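# Examining the three-dimensional arrangement
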Amino acid sequence: MDRLKTSARLMIVSDLDHTMVDHHESENLSLLRFNALWESNYRHDSLLVFSTGRSPTLYKELRKEKPMLTPDITIMSVGTEITYGNSMVPDEGWVEVLNQKWDVNIVKEESSKFRELELQPDTEQRPHKVSFKVDKDKAHVVTKSLLERFEKHGLDVKIIHSGGMDLDILPQGAGKGQALAYLLKKFKTEGKLPNNTLVCGDSGNDAELFSIPDVYGVMVSNAQEELLQWHAENAKNNPKIIHATERCAAGIIQAIGHFSLGPNTSPRDVMDFLDLKLENVNPGHEVVKFYLFYERWRRAEVENSEPYLDSSGVFVHPSGIELSLCEIIDSLRSYYGDERGKRFRVWVDQVLPVQISPDTWLVKFKKWESSGGELKCCTSTAILSSKDGTTVSDGRTWVHLHQTWFEESASKDHSTWPI
Ligand code: GLC
Ligand code: MG
């Protein structure tokens, strides 16, 4: 990971389904709380890693369904595919490791002989992962005889049972835990071992994450029986692992606090930012706060007389027309409460500040809005200054804001979008 020049302050390695993402919470509030916490306090010096059982196809589908951040590293298909950055560049070295004592054709052929196994969709069959559905009570016996057959062929495979219904066959060296160990080794070689690592999971394929030495771990409150059982048998006395009392992303936030890994108050849990003067010196915090204010303004969850609305500066509309921030803010006034009682949410992703002078920051980020099931995104560049002008709550002024709409949003009418 080239983004950080030194060790990450915190690396979070999180499973997605039922860990980062709660499929039983249609408002996605705990995920949005985590997002705001991450972007305001961690993004600039920490690493976010998603480790999912999903293939790239299903991972991309989930990203469209839920308000997820963009991770620095994406590990998919149960630790068999490691990719870096926004363009998801695959780690070729990892592929080499996985090829050892593995033959996907033999695995497919042998496993097709078991009537108890029902093949998962084509998208979930990957070069180093063959996946099935299986009855909970048959998983154990089937696993045993599968392993015997593969051994006869000279293969060394690993079989993982997850969610009480999925069965994945992988190379022995694969899996979420091995993929994390590989990453940590890589960071160590580069002299950039993260100061702290927190792993987060809920099901069987996450168990391995908790057995990596020196990492903190959180099993979310809604963790599956198979993970809790693994923990009881293998890691009961490890004080670095907790079973959270909160569900999904709220459990991750809880663990950050429990292990004192850094700030654990999400800006979404703060209603009065004016009380928080100069507590947070990271300009990312300013961006998160501003868009949270914007969401609350349109939902009429703040009072219609906020001093926050006073600002000077310039806003560059995608059309290229420059408007003063005052004009934008004037137009914002008329949108007060237009999303009242609706499912309107705003969140920012990849908020990356660069200091360009002692009192000026250039901050790049993506802004997402979801309203009535429709999702819109734009990339933004803002200049924040702590000098002159009318100051905002923690002493910084928005001097300039430039937005470019994403392709898919571009065709839509943005006349209703003040910022
Ligand atoms: C995800 C994958 C599936 C896998 C399961 C458990 O749901 O899509 O193929 O079996 O995770 O690892
Ligand atoms: Mg899960």
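Described below are features of the structure shown in this document. Being a predicted model, the structure only gives us computed values, none of them experimental.

Rules behind the numbers
Residues numbered from 1 in each chain as written. Chains lettered and ligands numbered in written order. Predicted model: local features only at pLDDT ≥ 70, side-chain atom pairs only at ≥ 80, totals over all residues. Heavy atoms only, no water. Near = heavy atom within 4 Å. Polar contact = N/O pair within 3.5 Å; in protein donor to acceptor, adjacent residues only side chain to side chain. Areas by Shrake-Rupley, 256 points an atom, 1.4 Å probe, with all protein chains shown as cover. 1 Å grid on protein atoms, 1.4 Å probe; cavity = no way out; pocket = protein on both sides within 12 Å on 5 of 7 lines; lining within 4 Å. Sits in = over half its atoms within 2 Å of the grid points. Nonpolar A, V, L, I, M, F, W, Y, C, P; charged D, E, K, R; others polar. Donors = N, O, S within 2.8 Å, 3.2 Å for Na, K, Ca; no water. Buried < 20%, exposed > 50% of the residue type's maximum accessible area, 1.4 Å probe, protein only. Pairing = 2+ DSSP bridges. Helix = DSSP H or I, 4+ residues; strand = E, 2+ residues; numbered from the N terminus. Contact = heavy atoms within 4.5 Å. Axes fitted to C-alpha atoms, helices over the stretch in contact; angles between N-to-C directions. Points joined across faces, edges and corners; volume = space filled by probe spheres on them. Core = buried A, V, L, I, M, F, W, Y, C linked by side-chain atoms within 4.5 Å. Disulfide = S-S within 2.5 Å. Right-handed = clockwise from strand over helix to strand, strands pointing away.

If you check the shell around ligand 1, you find Gly-53, Arg-54, Leu-58, Val-78, Gln-120, Glu-124, Lys-129, Ser-131, Ser-162, Asp-166, Asp-168 and Asn-205 and nothing else. Contact between ligand 1 and Lys-129: an oxygen atom at 2.7 Å from a side-chain N or O atom of the residue. Here an oxygen atom of ligand 1 sits 2.5 Å away from a polar atom, N or O, in the side chain of Asp-168. When the free accessible area of ligand 1 is taken as 310 Å², the share hidden by the protein chains comes to 85%. In this structure the site holding ligand 1 corresponds to the second largest pocket. Grouping the constituent residues of the shell around ligand 1 by class yields two nonpolar, five polar and five charged.

Within the protein, the atoms that donate to the magnesium ion (ligand 2) are Asp-15 (OD), Asp-17 (O) and Asp-202 (OD), at distances of 2.1 to 2.3 Å. Residue classification places Asp-17 among the buried residues on the basis of a relative accessible area of 17%. Residue classification places Asp-202 among the buried residues on the basis of a relative accessible area of 3%.

What the four strands build is an open sheet, ordered E6-E7-E9-E8; its pairing is antiparallel. The open sheet has two free edges, formed respectively by strand E6 (118–119) and strand E8 (157–162), since each of these has just one partner strand. Lying over the sheet, helix H4 (residues 104–111) contacts strand E7 (130–133), E8 and strand E9 (166–171), oriented at roughly 20° with respect to E7.

Before going further, it helps to examine unusual backbone geometry. Although it is not a glycine, Asp-214 sits at a positive phi angle of roughly 70°. Turning to its location among the elements, Asp-214 is positioned in the loop between strand E10 (196–201) and strand E11 (216–219). One non-glycine residue, Cys-248, lies in the positive phi region at around 40°. Relative to the helices and strands, Cys-248 resides in helix H8 (residues 248–258).

On to the side chain of Glu-81. Within the fold, Glu-81 resides in strand E4 (residues 81–84). On the basis of relative accessible area, Glu-81 is assigned to the buried category, the value being 17%. Only 2.7 Å separates the side chain of Glu-81 from the side chain of Ser-77, close enough to count as a polar contact. Within the structure, the side chain of Glu-81 is placed 2.6 Å from the side chain of Arg-126, a separation counted as a polar contact. The contacts of Glu-81, once residues within four sequence positions are left out, are Pro-56, Thr-74, Ile-75, Met-76, Trp-94 and Arg-126.

Another aspect to go through is the layout of surface pockets. Of the volumes computed, that of the second largest pocket is approximately 480 Å³. Forming the walls of the second largest pocket are 21 residues, and the residues nearest its centre are Asp-17, Gly-53, Met-165, Asp-166 and Asn-205. Broken down by class, the residue content of the lining of the second largest pocket amounts to three nonpolar, nine polar and nine charged.

As a further point, take empty space enclosed by the protein. Scanning all chains against the criterion turns up three cavities of 30 Å³ or more. Within this model, the largest cavity holds a volume of roughly 90 Å³. The wall of the largest cavity is formed by Leu-32, Asn-35, Ala-36, Arg-268, Val-288, Tyr-291, Leu-292, Val-346, Trp-347 and Val-348. Listing elements by their share of the lining of the largest cavity, those giving two or more residues are helix H1 (29–42), helix H9 (283–298) and strand E15 (345–357). When its residues are assigned to classes, the lining of the largest cavity shows eight nonpolar, one polar and one charged.

Met-11, Ile-73, Ile-82 and Leu-180 are the most contacted members of the largest nonpolar core, which has 33 residues in total. Elements that contribute at least two residues to this core include exactly strand E1 (10–14), strand E2 (47–51), strand E3 (73–76), E4, helix H3 (92–98) and helix H6 (176–189). Broken down by element, this core gets its largest block of residues, six residues, from H6. In this structure, Leu-180 is in contact with Met-11, Val-13, Val-199, Leu-209 and Ile-212, ignoring residues within four places of it in sequence.

Moving on to H8. Counted residue by residue, H8 has eight buried out of 11 residues, so it is predominantly covered. Turning to H8, its buried residues number three or more, namely Cys-248, Ala-249, Ala-250, Gly-251, Ile-252, Ile-253, Ala-255 and Ile-256. In this structure, the buried residues of H8 make contact with E1, H1, E10, E11 and strand E12 (241–243). Two residues or fewer after H8 comes Ser-260, characterised by a positive phi angle close to 50°.

Applying the stated criterion across every chain yields a total of zero disulfides. For Cys-377, which is in no disulfide, the shortest distance to another cysteine sulfur is to Cys-378 and amounts to 6.3 Å.

Before going further, it helps to spend a moment on the side chain of Asp-17. Along the chain, Asp-17 falls in the loop between E1 and H1. Every residue in contact with Asp-17, bar those within four places of it in the chain, is listed here: His-23, Thr-52, Arg-54, Leu-62 and Asp-202.

Both faces of E3 are covered, namely the face carrying Ile-73 and Ile-75 and the face carrying Thr-74 and Met-76. Sheet analysis places E2 next to E3, joined by three bridges and oriented parallel. The residue of E3 that forms the bridge with Ser-51 is Ile-75. In this fold, E2 hands off to helix H2 (residues 56–65), which returns the chain to E3; that crossover is right-handed. Between E3 and E4, which follow one another and run antiparallel, lie four residues, and Ser-77 among them has a positive phi close to 50°.

Don't take any of this as a statement about function, it's just geometry.
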